[in-house]
Amino acid sequence: MNIRTKDLIFISLFTSIMVVVSYIKIPLPFSPVPITLQTFAVMLAGLMLSPPSAFLSMLIYLLLGAAGVPVFAGGRAGLNVILGPSGGYLLSWPFAAFFISTFKKYSNNLFRILFLNLVFGVFFIYLIGVPYLAFITHLSLKKAIAVGLFPFIPGDIIKAVIASYLYFQLKKPLEKVI
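Here's a quick rundown of the structure. (Residues numbered from 1 in each chain as written. Predicted model: local features only at pLDDT ≥ 70, side-chain atom pairs only at ≥ 80, totals over all residues. Heavy atoms only, no water.)

Brief notes about the overall build of the protein
Thought 1: Counting its regular elements, the protein contains eight helices and two strands.
Thought 2: Against the globule reference of 16 Å for 178 residues, the protein gives a C-alpha radius of gyration of 16 Å, in line with a compact fold.
Thought 3: Across its three principal directions, the C-alpha atoms of the protein cover 50 × 35 × 25 Å.
Thought 4: Expressed as a percentage of the 178 residues in the protein, the buried residues total 46%.
Thought 5: In the protein, the proportion of contacts linking residues at least 24 apart, taken out of those at least 6 apart, comes to 69%.
Thought 6: Total accessible area on the protein is roughly 9000 Å²; 75% of this is exposed by carbon and sulfur atoms. (Helix = DSSP H or I, 4+ residues; strand = E, 2+ residues; numbered from the N terminus. Rg over C-alpha atoms; globule rule 2.2 N^0.38 Å. Buried < 20%, exposed > 50% of the residue type's maximum accessible area, 1.4 Å probe, protein only. Contact = heavy atoms within 4.5 Å. Areas by Shrake-Rupley, 256 points an atom, 1.4 Å probe, with all protein chains shown as cover.)

What follows is the structure in structure tokens.
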């Protein structure tokens, strides 16, 4: 894989965006998983970057946090976060960003891109995160869905709409740079 300097710059930029949005955290009294803008950053990285760059931007974020840099939601850090209730969501992000980026080339339509964000961004993250949440917290899958999926769907739909819209607004100007 040949990584150019501008690829490194954009990988760093989207890793940084993820770090910034991670500090915006709204805890829920009934869920061990907080509301954040992190899924928004995953979708945006997937839409704006090439598949390898999207994957790397999220992987670097995870490696920073695992190494002890306080980049996870609310400034947390360490392997204990990845091994905790939200770990499945975190581990899905590089793959979700990669899938979004891979499949975006098959559509030039806002609604298809929105669908792509919902399926590969939101649904894929839940597909990995919810069973992991159930396993780690010893909740039933039904209870994990109730606390780790349903409360987040409205916000994630809004984030998918905004990420899709921003992609179409920024796509042309960034094609000259990326």
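Considerations on the pattern of salt bridges
Thought 1: A full pass over the atoms with the stated rule returns two salt bridges.
Thought 2: Aspartate 7 is the salt-bridge partner of arginine 4, the closest N and O atoms lying 3.2 Å from each other.
Thought 3: You can call arginine 4 partly exposed: its relative accessible area is 42%.
Thought 4: With relative accessibility at 14%, the residue aspartate 7 sits in the buried group.
Thought 5: Between aspartate 156 and lysine 159 there is a salt bridge, and its shortest N-O distance comes to 3.0 Å. Of the two residues, aspartate 156 and lysine 159 both sit in helix 8 (residues 153-175), three residues apart, roughly one turn of that helix.
Thought 6: The buried category is assigned to aspartate 156, whose relative accessible area is 3%. (Salt bridge = Lys/Arg side-chain N within 4 Å of Asp/Glu carboxyl O.)

Considerations on empty space enclosed by the protein
Thought 1: Taken as a whole and judged by the stated rule, the model has one cavity of 30 Å³ or more.
Thought 2: If you go around the largest cavity, you meet 20 residues; those closest to its centre are Val33, Pro34, Thr36, Gln38 and Trp93.
Thought 3: Of all the secondary structure elements, the ones that give two or more residues to the lining of the largest cavity are strand 2 (31-36), helix 2 (38-48), helix 5 (87-104) and helix 8.
Thought 4: Of the residues contributing to the lining of the largest cavity, the split by class is 12 nonpolar, five polar and three charged. (1 Å grid on protein atoms, 1.4 Å probe; cavity = no way out; pocket = protein on both sides within 12 Å on 5 of 7 lines; lining within 4 Å. Points joined across faces, edges and corners; volume = space filled by probe spheres on them. Nonpolar A, V, L, I, M, F, W, Y, C, P; charged D, E, K, R; others polar.)

Observations regarding the environment of phenylalanine 99
Thought 1: Mapped onto the fold, phenylalanine 99 is located in helix 5.
Thought 2: As a C-alpha pair, phenylalanine 99 and serine 16 span 83 residues in sequence and 20 Å in three-dimensional space.
Thought 3: Excluding its chain neighbours within four sequence positions, the residues that come into contact with phenylalanine 99 are Phe120 and Phe124.

Focus on the side chain of threonine 39
Thought 1: Positionally, threonine 39 belongs in helix 2.
Thought 2: A distance of 2.7 Å separates polar atoms of two side chains, one belonging to threonine 39 and the other to aspartate 156.
Thought 3: Dropping the residues within four chain positions of it, threonine 39 is found in contact with Trp93, Ile125, Asp156 and Lys159. (Polar contact = N/O pair within 3.5 Å; in protein donor to acceptor, adjacent residues only side chain to side chain.)

Details of the packing of aromatic side chains
Thought 1: The final tally for this structure, using the stated rule, is seven aromatic pairs.
Thought 2: Arranged with centres 6.0 Å apart and planes meeting at 70°, the rings of phenylalanine 98 and phenylalanine 99 form a pair that is edge-to-face.
Thought 3: The partly exposed category is assigned to phenylalanine 99, whose relative accessible area is 25%.
Thought 4: Summarising the aromatic geometry, the rings of tyrosine 167 and phenylalanine 168 are spaced 5.2 Å apart at their centres and angled 70° between planes, so their arrangement reads as edge-to-face.
Thought 5: Residue classification places tyrosine 167 among the buried positions, given a relative accessible area of 7%.
Thought 6: The exposure class of phenylalanine 168 is partly exposed, given its relative accessible area of 23%. (Phe/Tyr/Trp six-rings, centres within 6.5 Å; stacked < 30°, edge-to-face > 60°.)

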